[in-house]
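# Inside the fold
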Amino acid sequence: MITTTKLCRRFRVGDTTVHALDHVDLDIGEGDFVAVMGPSGSGKSTLMNILGFLDTPDDGRYRFFGEEVAELDDTQLSRIRNEKIGFVFQSFHLLPRLTALDNVMLPLRYSIDATAHDQDRGVELLERLGLGDRIGHRPNQLSGGQRQRVAIARSLINAPRLLLADEPTGNLDSRTSEEIMGLFGELNRDGQTILMVTHEEEIAAHAKRLIRMRDGKIEHDTTHH
Ligand SMILES: Nc1ncnc2c1ncn2[C@@H]1O[C@H](COP(=O)(O)OP(=O)(O)O)[C@@H](O)[C@H]1O
Ligand SMILES: [Mg+2]
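The following paragraphs examine the structure supplied in this document. Each chain has its residues counted from 1, running along the sequence as written. Just so you know, chain letters begin at A and ligand numbers begin at 1, following the order they were written in. Thresholds applied to this predicted model are a pLDDT of at least 70 for local features of residues and 80 or more for the giving and counting of side-chain atom pairs; totals over whole chains, interfaces and linings are not thresholded and use all residues.

### A few points about the site of ligand 1
Here, nearness is defined through the C-beta atom: a residue counts as near a molecule or strand if that backbone-placed atom lies within 6 Å of it. In the neighbourhood of ligand 1, the contacting residues comprise Phe11, Val13, Val18, Ala20, Gly38, Ser40, Gly41, Ser42, Gly43, Lys44, Ser45 and Thr46. At the level of secondary structure, the elements contributing two or more residues to the shell around ligand 1 comprise strand S1 (2-13), strand S2 (16-28) and helix H1 (44-51). Going along the chain from the N terminus, every DSSP run of H or I of four or more residues is numbered as a helix, and every run of E of two or more is numbered as a strand. With 3 residues, H1 is the largest single contributor of residues to the shell around ligand 1. Amino acids outside the nonpolar list (Ala, Val, Leu, Ile, Met, Phe, Trp, Tyr, Cys, Pro) and the charged list (Asp, Glu, Lys, Arg) are all regarded as polar, and Gly is one of them. Partitioning the shell around ligand 1 into residue classes produces 4 nonpolar, 7 polar and 1 charged.

### Considerations on the sheet that holds strand S3 (residues 33-37)
Pairing between strands is defined by DSSP: at least two bridges between the two strands are required. Spatially, S6-S7-S8-S3-S9-S10 is the arrangement adopted by the 6 strands of the open sheet, whose pairing is mixed. Across the chains shown, the open sheet's two edge strands, defined by having one partner strand only, are strand S6 (85-89) and strand S10 (217-223). Neighbouring strand axes in the sheet, compared pairwise and without regard to direction, differ in orientation by 15 degrees on average. Pairing analysis gives 6 bridges linking strand S9 (residues 209-214) to S10, with the strands arranged antiparallel. Looking at S10, one finds that arginine 212 is bridged to histidine 220. Sheet strands touched by helix H5 (residues 144-156): S6 and strand S7 (162-166). Its angle to S6, the strand with the most contacts, is close to 165 degrees. Each axis is a line fitted through C-alpha atoms, and for a helix only the stretch in contact is used; angles between axes span 0 to 180 degrees, taken between their N-to-C directions. Residue pairs qualify as contacts under a 7 Å threshold applied to their C-beta atoms, which are placed from the backbone.

### Overview of the sheet that holds S1
In spatial order, the strands read S2-S1-S4-S5; together these 4 strands make up an open sheet with antiparallel pairing. Either end of the sheet is taken by a strand with one partner, and the two such strands are S2 and strand S5 (67-68).

### Re the nonpolar core
Nonpolar cores are built from buried Ala, Val, Leu, Ile, Met, Phe, Trp, Tyr and Cys residues. These are joined into a set through C-beta atoms within 7 Å. Remark: C-beta atoms are placed from the backbone, and a residue is labelled buried if 20 or more other C-beta atoms sit within 10 Å of its own, exposed if 12 or fewer do, or partly exposed between those counts. Judged by nonpolar contacts, the single largest core of 55 residues is most densely connected at Val36, Val104, Ala153 and Leu164. If we skip the residues at most four places from it in the chain, alanine 153 touches Val104, Leu125, Leu126 and Leu129.

### Brief notes about the pairing of S2
As paired strands, S1 and S2 are joined by 9 bridges and run antiparallel to one another. By the bridge assignment, valine 13 is partnered in S2 with threonine 16.

This is the structure:
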C-alpha cells in the first residue's frame, strides 16, 4: 500500500539544516495498525504529512498504491488524498459553527458524487461512534472525547484506505483515550489501515506494529502477534 525508499526531508533553520527525515525506508501493508513513537522533533509529524500528501520529500521515493507520488499533479494529489486518506489530529480541527453531522459531511463537498445517501452515511457513522444523540450538536456542546469521535467520523466519511492520526489522544484524558483506542482497534479489525503517532506507550500498545523514530530515522520497527 505504502512504500518509501530513502525518503528525506530537510529544513533550513538559520545556518543549520535539520534532517527531519533521513533516508526513511518504510512499507505499510493493507490492514496494518502502526504506532509511531519517538522524542519530540524526531520527524513523526513530517512523516505523517508526507504520507498524507500534505508535504513533499526533498529526496527519495514514495509509492502509494503503486503510484509514484512525485509524478502526480496537484489535481491528482488532492483527489487521491480526499478519496483514500483520512486525517485525525490532536486538536480535532472541527468547524465551530457547524453541527456534528455537517462537520462529518464536510469532506463530501469536495467529492463529485455526493448524494443524499451520504447524509445517511454521516448519520450512520455518528451512530456507530456512539454519537447518535449528538448529531445536531455543535463542537462546543460536546466533550473532548465526543469531538474527537466526530473528527474520526469525518475522517471515515469517504471510506479512506488509510487513516492517519497525529497524536489523536494528545488532548484527551486516559479513560477517553482508551475509548478512542478501542474504536481504532475495532476499525482495524474491520480492515481499516491505521498509522498513528503517539507519545504514550499505553496508547501505542493498541497497535499491531510499533515504529520508533529518532533524529529522522527509523530506529526500531517491530510487529507483535
Ligand atoms: N516547517 C518547518 N520548518 C522548519 N523546521 C521544521 C518544520 N517542520 C518540522 N521541522 C523540524 O523538523 C524536525 C522534525 O519535526 P517533526 O516532524 O514535527 O517532529 P515530531 O512530530 O516528531 O515532534 C524538528 O527538528 C522540527 O523542528
Ligand atoms: Mg509532531
